[in-house]
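One-letter residues, chain by chain:
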Amino acid sequence: MTQPANSRPMISLQSVSKRFGNFAAVDSATFDIAPGEFFSLLGPSGCGKTTLLRMIGGFERQSEGDILIDGEPMGIRPPNQRPTNMVFQSYAIFPHLDIAENIAYGLVNRGFDKATISKKVAQALEMVRLGGLGNRRTNQISGGQRQRVALARAIVCEPKVLLLDEPLGALDKKLREEMQIELRQLQKSLGITFIFVTHDQEEALSLSDRIAVMARGQVLQIDTATALYERPNCREVAGFIGNMNFFEGRISSVANGVAAIEIGPGQHVRVAASGSSAPGQVAILAIRPEKIDAAATMPQGNGSISANVIKARALAGSYLGDRSLILAEWREGTAPVSVSLQNRKAQIGAETFAAEAPIWLTWPVEAGVLLNN
Amino acid sequence: MTLQAAPTTTAASLQTARPEWLDGLWLIVPTLLIVVGMMVAPLAGIVLVSFWSQTGFDIQRDWNLDNYRILFTAEGALYRILILKSLWMSLTATIAVVLLAYPMAYFMAFRIERAKLIWIILLTVPFWTSYLLRIFAWKVILGFNGVINSGLKFIGVIDKPLEFLLYNPASVTITLAHAWAAYAVLPIYVSLEKIDRSYLEAATDLGDSKWKRFWRITFPLSLPGTIAATLLVFIPTVGDYITPTLVGGTSGIMIGNSIVTQFGKANNAPLGAALSCVMMLAITLAVCAFLAVIGRKRLKAADI
């Protein structure tokens, strides 16, 4: 998502850190989120994504830095004085109130009269497709419905920013996929900025305008789903999002924007060079399994400059229906290369490559990504 | 037995097996025996005796309603006043206990993060001395030459001891409140401890101040424990007679003292039994009224 140059960011994090003694749960996070953006914080558990979200909401106090929401510094303002609302992981539906009372909870604090509140509650119930369930008790509705109540309760307050802490984590797969679509539609129609915390990369990739990938309290990369997948900026992001093969070595030459990396004695692979690439540097070539082609015989014209060719030994193959996954070892002692082949024709893939048989792996130079670490 | 016969036997034994609801029933058998033997039977006895009468030293088993007639006519006005007064004193003590216990329970549930068990054990420390001794301590504190009087005299606030401290309904109420406070802390603590912390965060997120949040979330969700604490203190204190005997004087007596007198000095067990029955009835009515005020809807909601 491109951000208009003149618009003020909805959220601006300015070296926000959360420290517990020497341990930094969030280390100097600095980035902006545009108005109306669906922004995800993605990372393994313990990476600091929830802590960062809770700092934006005011549930945790940052140790350093400040958070600006719509241009206003938040400092240590408590959650009830921030233009944010949260959908909690556990939903936190109040058990002593019915559905309508739950949704009306925040409206009461905004001083609306009774008629307005009940009108807004009814609208919110319609919006999350719970119309007519207002006087149900909270223990009379399903998990998916509870999720919707939590969502309605937060958006009925018309926050500038909606914070969602793994809101779909407790739902089963089918329901989760349904809710993802609904969530995305809701966000588009409301135009509210969403900050969505998840450890599920597929969820993040399919929902978000932009994603911040976090690990060990650090924000590693902020980009669109496509950019994160196609152009990861480090080995950690590359490995976290999808599967990735890595070839480690040293740059032997750089010519015409293409760097050759020596990954073994006399064995070179080529990849688009970055601006700072120079011979002698330690470098990693990262290549996705589905971008590699495999052949049982030596491909013709392997001397061409546009493709990399590596001879390997097939280790194992598994037939997965739409595709086949093959593991191949190109040099003893290195991690096997995984290759994903589309099963466009029957019987190609796993059965074609007998274990221990030679296998030639090829991929175009532009399919790989050069990483420095 | 043939092989074919085996499944039939299994089916038959399944049918004759104990019904499921009987499972685990033996767990309550000891308690049930004690309750029946030590509570239900004596209680039935009391009800029985209340329909008899006393002539001199003999109890006449002459089924009549004389005792109740006494208690519900002009003759028994004093007893009725005494019952109402006892209910009132217990209610005051109960309110004081809950008001004292709630902040304590709140502190333990929300502010103590480690070694909660130590706090719970500390709470029981007063029980390590006998009930009698604890009441006696209040006699020492409130008495004519007690801690408060001699203290005030020493710093020159008063010339002669204050006499209104001891031997009145207020001293009974204070003593009861102190003696029963610990009983109220635990149920309130448990219900506060059970409250999911995310409810509190959600309430703040939706705009509540801390104070508002307490009345909209914390208090309603702690109602089960608070109601339990109220009943746990109110019911036994109505019939207490040791505390009024020791610190109540003549103006501070409660219905329990009167019942003791009927069974003892007055030697009129049937009237004492009737008085006990009326007292139990009064407590039942008071509790029902209390629960009705709390409201069925809120009770049901708080039950989650």
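Computed from a prediction, not measured in an experiment: that's the story for all the values here.

## With respect to the overall build of chain A
- Assigned secondary structure in chain A consists of 8 helices and 20 strands.
- Going through the 373 residues of chain A one by one, you find that 50% of them count as buried.
- A fraction of 66% describes how many contacts in chain A between residues 6 or more apart in sequence connect residues 24 or more apart.
- Split by element, the accessible area of chain A, about 16800 Å² in all, is 50% carbon and sulfur.
- If you average the places of the 38 positive and of the 36 negative side-chain charges in chain A, the two averages end up 3 Å apart.

## Description of the interface of chain A and chain B
- Every contact between the two is made by 23 residues of chain A and, on the other side, 20 residues of chain B.
- Of the roughly 2000 Å² buried between chain A and chain B on both sides combined, carbon and sulfur atoms contribute 57%.
- Sorting the residues of chain A by area buried against chain B places H96, Y105 and N109 of chain A first, and these three jointly supply 30% of that buried surface.
- Taken together, chain A and chain B are joined by 1 salt bridge.

## Digging into the sheet that holds strand β12 (residues 258-264) of chain A
All names here are of chain A.
- Taken in spatial order, the 5 strands make up an open sheet running β13-β12-β11-β14-β20, and their pairing is antiparallel. The open sheet is flanked by β13 (267-272) and β20 (369-371), the only strands paired with a single partner. The sheet shows a mean angle of 45° between the axes of neighbouring strands, direction not considered.
- Bridge count for strand β14 (residues 282-287) against β20 is 3 bridges, and the pairing is antiparallel. Within β20, the position partnered with I284 by the bridge is L371.

## Re the domain arrangement of chain A
All names here are of chain A.
- Looking at the assigned domains, one finds that chain A contains domain 1 (11-239) and domain 2 (243-372).
- Relative placement of domain 1 and domain 2: their C-alpha centres are 40 Å apart.
- Here domain 1 meets domain 2 over a buried area of about 820 Å², counting both sides, of which 52% is carbon and sulfur.
- Considering only the side of domain 1, the residues that lose the most area to domain 2 are Y229, R235 and A238, jointly responsible for 65% of the buried surface there.
- For the pair domain 1 and domain 2, the interface holds 2 salt bridges.
- Of the charged contacts in the structure, one is a salt bridge between E230 and K291, with a shortest N-O distance of 3.1 Å.

## Concerning the packing of helix α9 (residues 197-205) of chain B against helix α10 (residues 210-238) of chain B
Residue and element names in this part refer to chain B.
- Where α9 contacts α10, the axes come no closer than 10 Å and their chain directions differ by 160°. If you check the angle between α9 and α10, you find them roughly antiparallel. With respect to the hand of their crossing, α9 and α10 are arranged in right-handed fashion. Between α9 and α10, the residues in contact are Y199, L200, A203 and T204 and R213, I217, T218 and L221, respectively.

## Quick look at the nonpolar core
Residue and element names in this part refer to chain A.
- One finds I11, L41, L52, F94, I103, L162 and I195 to be the most contacted residues of the largest nonpolar core, which totals 106 residues.
- Excluding its chain neighbours within four sequence positions, the residues that come into contact with L52 are L13, V16, V26, A29, F31, L41 and M214.
- Counting residues in hydrophobic clusters, the runner-up holds 27 residues, among them I251, V271, A328 and L361.

## As for the environment of I263 of chain A
- Positionally, I263 of chain A belongs in strand β12.
- If near-sequence neighbours (up to four positions away) are discounted, I263 of chain A is found in contact with F247, E248, G249, V269, I310, W330 and R331 of chain A.

## With respect to the pairing of strand β18 (residues 337-342) of chain A
All names here are of chain A.
- Buried residues dominate β18, accounting for 5 of its 6 residues.
- Judged from the 6 bridges that link them, strand β17 (residues 323-329) and β18 form a sheet pairing that is antiparallel. Across the sheet, S324 pairs through a bridge with L341, a residue of β18.

## Side note on the environment of L133 of chain B
- Note on placement: L133 of chain B falls in helix α6 (residues 131-142).
- Spatially, the C-alpha atom of L133 of chain B lies 37 Å from that of I195 of chain B, the residues being 62 residues apart in sequence.

## A look at the packing of aromatic side chains
- Across all of its chains, the model carries 22 aromatic pairs over all chains by this definition.
- When the centroid spacing of 6.0 Å and the interplanar angle of 50° are considered together, the rings of Y102 of chain B and F219 of chain B count as tilted. Taken together, the residues span a long stretch of sequence, with Y102 of chain B in helix α4 (residues 77-111) and F219 of chain B in helix α10 at a distance of 117 residues.
- The cationic tip of R153 of chain A hangs over the ring face of F94 of chain A; the distance from NZ or CZ to the ring centre is 4.6 Å.
- Sitting over the ring of Y105 of chain A, R216 of chain B keeps its end group 3.6 Å from the ring centre.

## Observations concerning the confidence of the model for chain B
Residues and elements named next belong to chain B.
- Of the residues in chain B, 91% have a pLDDT of 70 or more, and the chain-wide mean is 87.
- α9 holds the highest mean pLDDT among the elements of chain B, 96, whereas helix α1 (residues 5-16) holds the lowest, 54.
- Predicted confidence for residues 1-7 stays below pLDDT 50, and this span has 1 contact to residues more than four positions away or in other chains.

## Things to note about the side chain of D240 of chain B
Residue and element names in this part refer to chain B.
- Looking at where D240 falls in the secondary structure, it is placed in the loop between α10 and α11 (242-248).
- For the buried D240, which has no salt bridge, the nearest side chain bearing the opposite charge is R134, at an N-O separation of 9.9 Å.
- Side-chain polar atoms of D240 contact the backbone nitrogen of I242, separated by 3.2 Å.
- Reaching out from D240, the side chain makes a polar contact with the side chain of T243 at a distance of 2.6 Å.
- Not counting residues within four places of it along the chain, the set of residues in contact with D240 comprises Y131, L176, M254, G256 and N257.

## Digging into a nonpolar patch on the surface
- Where nonpolar side chains cluster on the molecular surface, the patch consists of W21, L25, W26, L27, I28, V29, L32, L33, V35, V36, M39 and V40 of chain B and spans about 1200 Å² of accessible area.
- Relative to the helices and strands, L33 of chain B resides in helix α2 (residues 29-49).

## Thoughts on the sheet that holds strand β16 (residues 307-319) of chain A
Residue and element names in this part refer to chain A.
- Spatially, the 5 strands line up as an open sheet ordered β15-β19-β16-β17-β18, and their pairing is antiparallel. Across the chains shown, the open sheet's two edge strands, defined by having one partner strand only, are β15 (293-295) and β18. Along the sheet, successive strands turn relative to each other by an average axial angle of 45°, direction set aside.
- One ladder, built from 6 bridges, connects β16 with β17; its direction is antiparallel. By the bridge assignment, A314 is partnered in β17 with A328.

## Observations regarding the side chain of D208 of chain B
- One can find D208 of chain B in the loop between α9 and α10.
- With a relative accessible area of 1%, D208 of chain B lands in the buried category.
- A polar contact is formed between the side chain of D208 of chain B and the side chain of R216 of chain B, at a distance of 3.0 Å.
- Setting aside its immediate chain neighbours within four residues, D208 of chain B contacts N80, Y105 and N109 of chain A together with A203, R213 and R216 of chain B.

## Things to note about α6 of chain B
Residues and elements named next belong to chain B.
- Between the first and last C-alpha of α6 there are 17 Å, a value that for 12 residues agrees with the 16 Å anticipated at 1.5 Å per step.
- Looking at α6, one finds that the buried residues are R134, I135, W138 and L142. Down the axis of α6, the buried set is contained in an arc of 100°. They therefore lie on one face.
- Each element contacted by the buried residues of α6 is listed here: α7 (147-154), α8 (169-193) and α11.

Thresholds, definitions, all that
Residues numbered from 1 in each chain as written. Chains lettered and ligands numbered in written order. Predicted model: local features only at pLDDT ≥ 70, side-chain atom pairs only at ≥ 80, totals over all residues. Heavy atoms only, no water. Helix = DSSP H or I, 4+ residues; strand = E, 2+ residues; numbered from the N terminus. Buried < 20%, exposed > 50% of the residue type's maximum accessible area, 1.4 Å probe, protein only. Contact = heavy atoms within 4.5 Å. Areas by Shrake-Rupley, 256 points an atom, 1.4 Å probe, with all protein chains shown as cover. Lys, Arg positive; Asp, Glu negative; His and termini not counted. Charge placed at Lys NZ, Arg CZ, Asp CG, Glu CD. Buried area = accessible area lost by both parts, 1.4 Å probe. Salt bridge = Lys/Arg side-chain N within 4 Å of Asp/Glu carboxyl O. Pairing = 2+ DSSP bridges. Axes fitted to C-alpha atoms, helices over the stretch in contact; angles between N-to-C directions. Domains from an automatic or database assignment. Parallel < 35°, antiparallel > 145°, perpendicular 65-115°, else oblique. Left-handed = near helix turned anticlockwise from the far one by under 90°. Core = buried A, V, L, I, M, F, W, Y, C linked by side-chain atoms within 4.5 Å. Phe/Tyr/Trp six-rings, centres within 6.5 Å; stacked < 30°, edge-to-face > 60°. Lys NZ or Arg CZ within 6 Å of the ring centre and 35° of its normal. pLDDT = per-residue confidence, 0-100. Polar contact = N/O pair within 3.5 Å; in protein donor to acceptor, adjacent residues only side chain to side chain. Patch = residues over 30% accessible without salt bridge, like charges linked within 9 Å, V, L, I, M, F, W, Y side chains within 5 Å. Expected span 1.5 Å × (residues − 1). Arc of directions from axis to C-beta.

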